[in-house]
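Structure at a glance
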Amino acid sequence: MYFRKIVLCTAAVLAAVSALAQNADPMAPTALSEVYKDWTVNCANRDAKQECAFSQSQTNGNGQRILTVEVRPTNDGGLKGNLILPFGLRLEKGATFAIDDLPPGAPARFRTCLPIGCVVPLIFVDKTVKSLREGKTLKIVAVSNEGDKDIPFSVSLQGFKEALDRTLVLTKGK
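In this numbering scheme, every chain counts its residues from 1 along its sequence in written order. This being a predicted model, a pLDDT of at least 70 is required before a residue's local features are given, and a value of 80 or more before pairs of side-chain atoms are given or counted; all residues contribute to the totals for chains, interfaces and linings. Side-chain numbers come from the whole structure's heavy atoms, not from hydrogens or water.

A few words now on the overall build of the protein chain. Within the protein chain, the secondary structure is distributed over three helices and ten strands. Starting at the N terminus, helices and strands are each numbered in turn, a helix being any DSSP run of H or I of at least four residues and a strand any DSSP run of E of at least two. Mapped from its N terminus to its C terminus, the protein chain presents α and β elements in the order α-β-β-β-β-β-β-β-β-α-β-β-α. Counting the 174 residues in the protein chain, one finds 33% classified as buried. Per-residue and other accessible areas were derived by the Shrake-Rupley procedure at a 1.4 Å probe size, with only the shown protein chains allowed to occlude residues. Roughly 11400 Å² of accessible area belongs to the protein chain as shown, and the carbon and sulfur atoms make up 56% of that amount. Whether a residue is buried, partly exposed or exposed follows from its accessible area with a 1.4 Å probe, protein chains only, as a fraction of its type maximum: under 20%, in between, or over 50%, in that order.

Pasting the structure below:
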């Protein structure tokens, strides 16, 4: 009797898994990670929906994270995401951004600090995205807590255009 219940339960589970597998697209990846020079495209299926973003992380010689920037396309041709910078920065001063030798814009405010670092929300309009596509370096400046010194950060834009284009293809129609 006990053996029969196990067989019936196993058969029910296998039938359910088979039904789910038939409804799933066998060609759709459940997760994806691709590298485009200095940028990485990552996609994951969440709640039956594929979500993709592209990012760059930098570490120092000890393996400690210096910064991470992650962005995803918006419906209006812009980008939205987050920048994570290390602790020890004067949060009320925010961070400024400049592409190559263009002048920096107004400072973006930090949202919060988490165990991984301090977060600056990013919103790049389509005009800025065009400059990022053509640029070589995104220059970020924050202010140190000690001595109010400018702390420069440099984000390579090598592979940015390709990573953005791939992310757009992967999220097309979503």
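With that settled, consider the sheet that holds strand S9 (residues 137–143). Between any two strands, pairing holds if DSSP finds at least two bridges. Within the open sheet, the three strands sit side by side as S6-S9-S10. Their pairing is antiparallel. The outermost strands of the open sheet, each flanked by one partner alone, are strand S6 (95–99) and strand S10 (150–156). This sheet shows a mean twist of 20 degrees between the axes of neighbouring strands, independent of strand direction. Pairing between S9 and S10: seven bridges, direction antiparallel. Looking across to S10, one finds that Val143 is bridged to Asp150. Only the stretch in contact is used when a helix axis is fitted, and all axes are lines through C-alpha atoms; the angle between N-to-C directions ranges over 0 to 180 degrees.

What follows is about the pattern of salt bridges. Between Lys or Arg on one side and Asp or Glu on the other, a salt bridge is scored when a side-chain nitrogen of the former is within 4 Å of a carboxyl oxygen of the latter. Tallied over the full model, the rule gives seven salt bridges. A salt bridge links Glu34 to Arg166; the shortest N-O distance between them is 2.8 Å. Taken together, the residues Glu34 in strand S1 (residues 31–36) and Arg166 in helix H3 (residues 160–171) connect sequence positions 132 residues apart. Residue classification places Glu34 among the buried positions, given a relative accessible area of 19%. Given the relative accessible area of 26%, Arg166 is considered partly exposed. Between Lys161 and Asp165 there is a salt bridge, with its nearest N and O atoms 3.2 Å apart. With a gap of four residues between them, Lys161 and Asp165 both fall in helix H3, about one helical turn apart. According to the relative accessible area criterion, Asp165 is partly exposed, its value standing at 26%.

In this section: the side chain of Thr96. Secondary-structure assignment places Thr96 in strand S6. Whether two residues are in contact is decided by their heavy atoms, any of which lying within 4.5 Å being enough. Residues in contact with Thr96, not counting those within four places in the same chain, are Pro104, Gly105, Pro107, Lys139, Ile140 and Val141.

Throughout this description, disulfide means a covalent bond between two cysteine sulfur atoms. To count as a disulfide, a pair of cysteine sulfur atoms needs to be within 2.5 Å. In this structure the tally under the stated criterion is two disulfides. Shown here is the disulfide that connects Cys43 with Cys52, its sulfur atoms set 2.0 Å apart. Its S-S torsion of approximately 115 degrees makes the covalent link between Cys43 and Cys52 right-handed. Classification of Cys52 by relative accessible area gives buried; the value is 7%. When the cysteines engaged in disulfides are numbered in sequence order, the protein chain pairs them as 1-2, 3-4.

Pairing within the open sheet is antiparallel, and its seven strands lie in the order S1-S2-S3-S4-S5-S8-S7. Looking at which strands have only one partner, the edges of the open sheet turn out to be S1 and strand S7 (112–114). Along the sheet, successive strands turn relative to each other by an average axial angle of 25 degrees, direction set aside. Sheet topology note: the strand S4 (residues 65–73)/strand S5 (residues 79–85) ladder contains six bridges and is antiparallel. Among the inter-strand pairings, Pro73 is bridged to a residue of S5, identified as Leu79. Running over the sheet, helix H2 (residues 126–134) touches S5 and strand S8 (117–124) and is turned about 105 degrees from S8. Seen against the sheet, H3 touches S1, strand S2 (39–46), strand S3 (49–59), S4 and S5 and runs at an angle of roughly 160 degrees to S3.

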